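Chain by chain, the residues run as shown.
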Amino acid sequence: MRGIIEIISDSINQLKTSLPAICDANLSLEDQARSALHLLFDSKTEFKPPATPSESFQLCPNCGTPSESLSSPYCSEICRDQAAFVRQFRNAIATDSILTSEKQTVFGERLWWLLGGGLPIREARIPESAKRQVIKRCASKCEFCAAPMVTIENFGSGCNRPLHLRAVCANCSKTKPFGDPAFSQSPLLKDLSQRINAPTALRSCDDPQNWDWRAFLAERRSSVTSQIPSNQ
Ligand SMILES: [Zn+2]
Ligand SMILES: [Zn+2]
């Protein structure tokens, strides 16, 4: 009988062989996004589980910094999105749904966005009408620094309505083409890669079977109220 570790590494091997081998500008944008997933598995460094990060209900489960919010376990939306990526990716490996090219495209572009490379597929689909409204709004100037604009990018949400788009100059542009080597050494990439490759979840929020953010918040709330001195 195969153990969980063999099942995970089998699925990861199948995933790796199902991805386009290299990112080539002749591939469709979707296939370029899929090939970006190699970044998670190409690390030359041997997998070493990090020292178990201390987990406490007073800390953000993603990054470990103190967090007092009673509406979200995380210290920021960035941490929420990183944890969701790891957890959903681990779930997609466990269920083999990661072997479909649609899922690979979605995860590839989300990885690119988390690393700071923007949303190349989403931006390729910005409707002409939305582009015209943005150009009119900004008079063809970068909306961050007023230099001449070169392109239009998503700002934050990934929604393609003018409110969520910004005209940018070459300097202020964040979007990088899939395959750009800018992120291959990023500490965030190493962190995501270790958490996705780990045979068992390294953090409670990485575990698709058992993570329960409501229960986490309930624990945080009760540990906060138990610290408040009683009046009686
Ligand atoms: Zn955090
Ligand atoms: Zn600019």
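Structure: above.
To start, this report covers the structure provided alongside it. (Residues numbered from 1 in each chain as written. Chains lettered and ligands numbered in written order. Predicted model: local features only at pLDDT ≥ 70, side-chain atom pairs only at ≥ 80, totals over all residues. Heavy atoms only, no water.)

**Here's the deal with the overall build of the protein**
Step number 1: Looking only at helices and strands, one finds eight helices and two strands in the protein.
Step number 2: In the protein, the succession of helices and strands from N to C terminus is α-α-α-α-α-α-β-β-α-α.
Step number 3: Every one of the 232 residues in the protein was classed for burial, and the buried ones make up 37%.
Step number 4: Across the protein, the fraction of contacts at a sequence separation of at least 24, relative to all contacts at a separation of at least 6, is 64%.
Step number 5: Carbon and sulfur atoms make up 55% of the accessible area of the protein, which amounts to about 13,300 Å² in all. (Helix = DSSP H or I, 4+ residues; strand = E, 2+ residues; numbered from the N terminus. Buried < 20%, exposed > 50% of the residue type's maximum accessible area, 1.4 Å probe, protein only. Contact = heavy atoms within 4.5 Å. Areas by Shrake-Rupley, 256 points an atom, 1.4 Å probe, with all protein chains shown as cover.)

**Considering the coordination of the zinc ion (ligand 2)**
Step number 1: Only Cys142 (SG), Cys145 (SG), Cys169 (SG) and Cys172 (SG) from the protein reach the zinc ion (ligand 2) as donors, at distances of 2.3 to 2.4 Å.
Step number 2: Seen from the zinc ion (ligand 2), its four donor atoms lie at angles of 104 to 113°, and the figure they make is tetrahedral.
Step number 3: The class of Cys145 is partly exposed, set by a relative accessible area of 41%. (Donors = N, O, S within 2.8 Å, 3.2 Å for Na, K, Ca; no water. Tetrahedral: all angles 85-135°; square planar, octahedral: opposite > 155°, others 65-115°.)

**Focus: the layout of surface pockets**
One simple way to see leftover space: roll a probe sized like a water molecule over the atoms.
Step number 1: Empty space within the second largest pocket amounts to approximately 270 Å³.
Step number 2: What lines the second largest pocket is a set of 15 residues, and nearest its centre among them are Trp113, Gly118, Asn154, Gly156 and Lys174.
Step number 3: If you list the elements that add at least two residues to the lining of the second largest pocket, you get strand E1 (151-154) and strand E2 (165-168).
Step number 4: Taken together, the residues that form the lining of the second largest pocket break down as six nonpolar, five polar and four charged. (1 Å grid on protein atoms, 1.4 Å probe; cavity = no way out; pocket = protein on both sides within 12 Å on 5 of 7 lines; lining within 4 Å. Points joined across faces, edges and corners; volume = space filled by probe spheres on them. Nonpolar A, V, L, I, M, F, W, Y, C, P; charged D, E, K, R; others polar.)

**Some thoughts on the coordination of the zinc ion (ligand 1)**
Step number 1: Looking at the metal site, the zinc ion (ligand 1) is ligated by Cys60 (SG), Cys63 (SG), Cys75 (SG) and Cys79 (SG), spaced 2.3 Å from it.
Step number 2: For the zinc ion (ligand 1), the four donor atoms in the first shell make angles of 105 to 115° at the metal, a pattern classed as tetrahedral.
Step number 3: Of the residues examined, Cys63 reaches a relative accessible area of 39% and is grouped as partly exposed.

**Topic: the pattern of salt bridges**
Step number 1: Within this structure, the stated rule accounts for nine salt bridges.
Step number 2: Across the salt bridge formed by Glu30 and Arg125, the nearest N and O atoms sit 2.7 Å from each other. Here the residue Glu30 occupies a position in helix H2 (residues 29-35), and Arg125 occupies one in the loop between helix H5 (120-124) and helix H6 (128-138), the gap between them amounting to 95 residues.
Step number 3: For Arg195, the salt bridge is made with Asp191, and the minimal N-O distance between the two is 3.1 Å. With Arg195 and Asp191 both in helix H7 (residues 187-197), this residue pair falls four residues apart, about one helical turn.
Step number 4: Taking the relative accessible area as the measure of exposure, Arg195 reaches 1% and is therefore buried.
Step number 5: Taking the relative accessible area as the measure of exposure, Asp191 reaches 22% and is therefore partly exposed.
Step number 6: Linked by salt bridges that have partners in common, Asp191, Arg195, Arg203 and Asp206 make up one network. (Salt bridge = Lys/Arg side-chain N within 4 Å of Asp/Glu carboxyl O.)

**Comments concerning the packing of aromatic side chains**
Step number 1: Within the structure shown, the criterion is met by 10 aromatic pairs.
Step number 2: One aromatic cluster is present, formed by Phe41, Phe85, Phe89 and Phe107 through successive ring pairs.
Step number 3: We note Arg166 situated over the ring of Phe155; from NZ or CZ to the ring centre the distance is 4.4 Å. (Phe/Tyr/Trp six-rings, centres within 6.5 Å; stacked < 30°, edge-to-face > 60°. Lys NZ or Arg CZ within 6 Å of the ring centre and 35° of its normal.)

**Considering the nonpolar core**
Step number 1: Judged by nonpolar contacts, the single largest core of 27 residues is most densely connected at Leu40, Phe85, Phe89, Leu111 and Ile196.
Step number 2: If you list the elements that add at least two residues to this core, you get helix H1 (4-18), helix H3 (77-94), helix H4 (101-115) and H7.
Step number 3: Setting aside residues up to four positions removed in sequence, Leu40 forms contacts with Phe85, Phe89, Leu111, Leu189, Leu192, Ser193, Ile196 and Asn197.
Step number 4: Judged by nonpolar contacts, the second largest core, of eight residues, contains Ile126, Met149, Ile152 and Ala167. (Core = buried A, V, L, I, M, F, W, Y, C linked by side-chain atoms within 4.5 Å.)

**Here we look at the side chain of Arg220**
Step number 1: For Arg220, the location among the structural elements is in helix H8 (residues 213-225).
Step number 2: Within the buried core, Arg220 has no salt-bridge partner, and the shortest N-O distance to an opposite charge, that of Glu68, equals 8.8 Å.
Step number 3: One polar contact links the side chain of Arg220 to the main-chain carbonyl oxygen of Leu59, over a distance of 3.3 Å.
Step number 4: Setting aside chain neighbours within four positions, we find Arg220 in contact with Phe57, Gln58, Leu59, Cys60, Ser67, Glu68, Ser69, Leu70, Ser72 and Pro73. (Lys, Arg positive; Asp, Glu negative; His and termini not counted. Polar contact = N/O pair within 3.5 Å; in protein donor to acceptor, adjacent residues only side chain to side chain.)

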